[in-house]
Amino acid sequence: MRWRRTPPRASHSPAIILSRLNTLLHHADCETTATAVVATYRPGTGRLVWARAGHPPLLLADGHRVVRLPNPQGPLLGMFPAPQFAQESRKLPPGHLVLLYTIMAASSLRDLTPTLG
């Protein structure tokens, strides 16, 4: 696939990057959708900014508990021609971890499991 417009850059916000990826996927010659999370983290300030496209929420862990971070609205990539992607921002306390995960279909997991003979 080729970019029809200017490709996203690291200086673009997560919501803009998802919007551009959506345009690319929506206009591709395939009927494919995808989930995604785009996030930026600035170590100097501890600021995390993220946007999502149909992806499960990010989790924040502090060693004692795990909580869901706010879940900005955003549909699957490729589903609609020009959807809006919201984004969230949070200052992460020292020692906290952000967890990203995916949910795979059982048939996909079987394909990843080696066959025992």
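Above this text sits the structure in question.
This structure is a prediction, so every number in the text was calculated from the model and none was measured.

K.L.:
Go over the overall build of the chain, please, and point to the residues and values.
P.N.:
On a plain count of helices and strands, the chain comes out with two helices and six strands. Sequence-ordered secondary structure for the chain, helices as α and strands as β, is α-β-β-β-β-β-β-α. Burial statistics for the chain: of 117 residues in total, 27% are counted as buried. Residue pairs in contact within the chain that sit at least 24 positions apart in sequence constitute 52% of those at least 6 positions apart. Of the roughly 8,200 Å² that the chain leaves accessible, carbon and sulfur atoms contribute 55%.

K.L.:
Outline the nonpolar core, supporting the account with residue identities and numerical values.
P.N.:
Counting residues in hydrophobic clusters, the biggest one holds ten residues: Ala15, Ile17, Leu18, Leu25, Ala36, Val38, Ala51, Ala53, Leu77 and Phe85. When residues of this core are traced back to their parent elements, those giving at least two are α1 (14–26), β1 (36–42) and β2 (47–53). Per-element accounting of this core gives the leading share, four residues, to α1. Ignoring any residue separated from it by four or fewer positions in sequence, one finds Leu77 in contact with Leu18, Leu21, Asn22, Leu25, Thr32, Thr33, Ala34, Ala36, Ala53 and Phe85. By size, the runner-up hydrophobic cluster in this structure holds six residues, among which are Trp50, Leu58, Leu69 and Leu92.

K.L.:
Outline α1, supporting the account with residue identities and numerical values.
P.N.:
What sets the pattern is the α-helix's 3.6 residues per turn: residues three or four places apart point alike. Between its first and last C-alpha atoms α1 spans 18 Å; for 13 residues at 1.5 Å apiece the expected length is 18 Å, and the two agree. On its buried side, α1 packs onto β1, β2 and β5 (87–91).

So, how was this worked out
- Within each chain, residue numbers correspond to sequence positions counted from 1 in written order.
- A pLDDT threshold of at least 70 governs which residues receive local features in this predicted model, and a stricter bar of 80 or more applies before side-chain atom pairs are shown or counted, although totals over entire chains, interfaces and linings include all residues.
- Processing note: side-chain calculations cover all non-hydrogen atoms of the structure and skip hydrogens and water entirely.
- Here a helix means four or more residues in a row that DSSP labels H or I, a strand means two or more in a row labelled E, and each is numbered from the N terminus.
- Three exposure classes are used, based on accessible area relative to the maximum for each residue type with a 1.4 Å probe and protein chains only: buried under 20%, partly exposed in between, and exposed over 50%.
- In this analysis, two residues are considered to be in contact whenever any of their non-hydrogen atoms come within 4.5 Å of each other.
- Method for areas: the Shrake-Rupley scheme with a 1.4 Å probe, in which residue coverage is limited to the protein chains shown.
- By nonpolar core we mean a set of buried residues, namely Ala, Val, Leu, Ile, Met, Phe, Trp, Tyr and Cys, connected to one another through side-chain atoms within 4.5 Å.
- The span one expects for a helix is its residue count, reduced by one, times 1.5 Å.

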